[in-house]
Number of protein chains: 2
Amino acid sequence: MPQEFKRQYKEILEQYTLRQTEHNLYEGQNFSRQLIQKNISPEEVISIHKASLEEIIPNLSADVSHSFDLLIEVMIRYGLALKEHQTLIKKQE
Amino acid sequence: MPQEFKRQYKEILEQYTLRQTEHNLYEGQNFSRQLIQKNISPEEVISIHKASLEEIIPNLSADVSHSFDLLIEVMIRYGLALKEHQTLIKKQE
């Protein structure tokens, strides 16, 4: 994932952990549109979420950190299904 | 998400937070195949991950809990893209 996305996501997440506003959620929705356009996979999103959270909460427990690795593993198949989708769409163009 | 999936996921996650073995990751991969077959959306997976983690770690910090709500919001668009994919596939059958 490009560094710029990582920086942006961390900023949105940091704001959201401070105050859970509708505006922050809305920013998250808009951001995900950009991510999909740039073919960022869902497992990459989880990965960036994990890295951002570790920076925002320096004493994040190891259990929480590890838990993301399982979530990334589960998301990989979702990423493959999406890639298949993008290939299908290209074929139809 | 059916209660049975939730129970299964929590069990895999609990094992994985205790010892991070390749076998647990493999179970996660297999599990995600079932989830996709049952049309469980990626945002539902994040939701079940959050709920499971809150049960496994009762004193999970509020920041971590909140952070998942943003992740769910970001994943909704991925879920929509996948649904589009499933509709396309059905049309081609």
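Please read these numbers as outputs of a predicted model, since none were measured by experiment.

Attention now goes to helix α3 (residues 42–56) of chain B. Given a rise of 1.5 Å per residue, 15 residues ought to cover 21 Å, and the 21 Å separating the end C-alpha atoms of α3 of chain B matches this to within 8%. Residues of α3 of chain B that are buried include every one of Pro42, Glu43, Val45, Ile46, Ile48, His49, Lys50, Ser52, Leu53 and Ile56 of chain B, and no others.

Moving on: the packing of helix α1 (residues 3–18) of chain A against helix α4 (residues 62–92) of chain B. When two helices pack together, their arrangement is captured by the angle between the axes and the distance separating the axes. Two elements in contact, α1 of chain A and α4 of chain B, have axes separated by 9 Å at closest approach and are oriented at 130°. Classified by the angle between their axes, α1 of chain A and α4 of chain B sit oblique to one another. Here α1 of chain A and α4 of chain B pass one another in a crossing that is right-handed. Mapping the contact onto sequence places Tyr9, Ile12, Leu13, Tyr16 and Thr17 of chain A in α1 of chain A and Asp63, His66, Ser67, Asp69, Leu70, Leu71 and Val74 of chain B in α4 of chain B. Grouping the constituent residues of the contact of α1 of chain A with α4 of chain B by class yields seven nonpolar, three polar and two charged.

So, about the relation of the copies chain A and chain B. Placing chain A over chain B gives an RMSD of 0.0 Å and needs a rotation angle of 180°, together with 0.0 Å of translation along the axis. Taken together, the rotation angle and the small translation identify this as a two-fold axis. Scanning chain A for the C-alpha nearest the rotation axis identifies His85 of chain A, at a separation of 2.6 Å. Mapped onto chain B, 100% of the interface residues of chain A again fall at the interface, so both copies present the same surface.

One pass over the structure, following the stated rule, counts ten salt bridges over all chains. As a salt-bridge pair, Arg7 of chain A and Glu4 of chain A come within 2.9 Å of each other at their nearest N and O atoms. A residue pair is termed a helical-turn pair when its members lie 3 or 4 positions apart in one helix, as Arg7 of chain A and Glu4 of chain A do in helix α1 at three residues. A relative accessible area of 44% means that Arg7 of chain A is categorised as partly exposed. The partly exposed category is assigned to Glu4 of chain A, whose relative accessible area is 43%. Here Lys6 of chain B makes a salt bridge to Glu55 of chain B, at a shortest N to O gap of 2.6 Å.

Counting 54 residues, the largest nonpolar core has Ile46 of chain A together with Ile46 of chain B as the members making the most contacts within it. Residue assignment for this core shows that the elements contributing at least two residues are α1, α2 (22–37), α3 (42–56) and α4 (62–92) of chain A together with α1 (3–18), α2 (22–37), α3 and α4 of chain B. The contacts of Ile46 of chain A, once residues within four sequence positions are left out, are Phe68, Leu71, Ile72 and Met75 of chain A together with Ile46, Leu71 and Met75 of chain B.

This part is about the interface of chain A and chain B. In this assembly, 43 residues from chain A lie in contact with 43 residues from chain B. Looking only at chain A, the three residues that lose the most surface to chain B are Leu70, Arg77 and Tyr78 of chain A, adding up to 18% of its buried area. Taken together, chain A and chain B are joined by eight residue pairs in polar contact (both at pLDDT 80 or more). If you list the elements that add at least two residues to the side of chain A that touches chain B, you get α1, α2, α3 and α4 of chain A. Considering only residue class, the side of chain A that touches chain B consists of 25 nonpolar, twelve polar and six charged.

The rules behind each value
Residues numbered from 1 in each chain as written. Chains lettered and ligands numbered in written order. Predicted model: local features only at pLDDT ≥ 70, side-chain atom pairs only at ≥ 80, totals over all residues. Heavy atoms only, no water. Helix = DSSP H or I, 4+ residues; strand = E, 2+ residues; numbered from the N terminus. Expected span 1.5 Å × (residues − 1). Buried < 20%, exposed > 50% of the residue type's maximum accessible area, 1.4 Å probe, protein only. Axes fitted to C-alpha atoms, helices over the stretch in contact; angles between N-to-C directions. Parallel < 35°, antiparallel > 145°, perpendicular 65-115°, else oblique. Left-handed = near helix turned anticlockwise from the far one by under 90°. Contact = heavy atoms within 4.5 Å. Nonpolar A, V, L, I, M, F, W, Y, C, P; charged D, E, K, R; others polar. Least-squares fit on C-alpha atoms with pLDDT ≥ 70 in both. Salt bridge = Lys/Arg side-chain N within 4 Å of Asp/Glu carboxyl O. Core = buried A, V, L, I, M, F, W, Y, C linked by side-chain atoms within 4.5 Å. Buried area = accessible area lost by both parts, 1.4 Å probe. Polar contact = N/O pair within 3.5 Å; in protein donor to acceptor, adjacent residues only side chain to side chain.

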